Amino acid sequence: MSIDLTTPALLFSTISLLLLAYTNRFLALATVIRTLHREFQETSDPVAAAQIVNLRKRVHLIRDMQTLGVASLLSCTICMGLLFAGQVWVGKVVFGLSLILMVGSLAISLWEIRMSIGALNLQLGDMEK
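Novice: What am I meant to see in the environment of Leu120 here?
Specialist: Considering the arrangement of structural elements, one finds Leu120 in helix α3 (residues 88-128). Leu120 sits 69 residues away from Gln51 along the chain, and the two C-alpha atoms are 8.8 Å apart.

Following this line, the structure appears as structure tokens:
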């Protein structure tokens, strides 16, 4: 397999867009958590309490998604430095690590998306009663 500086550079835009999407998800969840927390303090609604538990888990997953995404971007940068320095074999290994980190980030993202369905089901549960 041939690898040059442009190969890891291709991931930069992808990882950057992922990190932006993750940050937007985090900010949206933070707003919802603040609103539900206020609601819970006023009404002690058990649905709001369950929602907050679910949202806390999701915020932790987003933190992990962002951590792996940043580590992937950092690995890409290191890979490019290694390739620039002529360390092709080590650069390939670091690039592989970068891909693994990105896959981990995406896998956690999928898990978090599936958890969001659980939060919606909690919210809509009172309609079924």
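Novice: What should I look at first to understand the pattern of salt bridges in this one?
Specialist: If the charged atoms of two oppositely charged side chains come close together, the side chains can form a pair. In this structure the tally under the stated criterion is three salt bridges. Where Arg25 meets Glu112, a salt bridge forms, and the shortest distance between an N and an O atom there is 2.7 Å. Placement of the pair is Arg25 in helix α1 (residues 6-43) and Glu112 in helix α3, with a sequence separation of 87 residues. The exposure class assigned to Glu112 is buried, which follows from its relative accessible area of 0%. Put simply, Arg58 and Glu112 hold a salt bridge, and the shortest N to O gap is 2.8 Å. Within this pair, whereas Arg58 is found in helix α2 (residues 46-84), its partner Glu112 is found in helix α3, the two being separated by 54 residues in sequence. Through salt bridges with shared partners, a single ionic network connects Arg25, Arg58 and Glu112.

Novice: What is the right way to read unusual backbone geometry from this model?
Specialist: Leaving glycine out, the prevailing phi sign among residues is negative, and the prevailing peptide bond configuration is trans. The residue Ser44 is not glycine, and still its phi comes out positive at about 55°. Position of Ser44 among the secondary structure elements: in the loop between α1 and α2.

Novice: Would you mind going over the packing of α1 against α2 with me for this structure?
Specialist: One way to put it is that α1 packs onto α2 with a least axis distance of 9 Å and a crossing angle of 160°. Accordingly, the angle class assigned to the pair α1 and α2 is roughly antiparallel. You can see that α1 and α2 cross each other, and the crossing is left-handed. Here the contact of α1 with α2 is built from residues that sort into 26 nonpolar, seven polar and three charged.

Reading the values: the criteria
- Residues numbered from 1 in each chain as written.
- Predicted model: local features only at pLDDT ≥ 70, side-chain atom pairs only at ≥ 80, totals over all residues.
- Heavy atoms only, no water.
- Helix = DSSP H or I, 4+ residues; strand = E, 2+ residues; numbered from the N terminus.
- Salt bridge = Lys/Arg side-chain N within 4 Å of Asp/Glu carboxyl O.
- Buried < 20%, exposed > 50% of the residue type's maximum accessible area, 1.4 Å probe, protein only.
- Axes fitted to C-alpha atoms, helices over the stretch in contact; angles between N-to-C directions.
- Parallel < 35°, antiparallel > 145°, perpendicular 65-115°, else oblique.
- Left-handed = near helix turned anticlockwise from the far one by under 90°.
- Nonpolar A, V, L, I, M, F, W, Y, C, P; charged D, E, K, R; others polar.

Read these as geometric descriptors, not functional statements.
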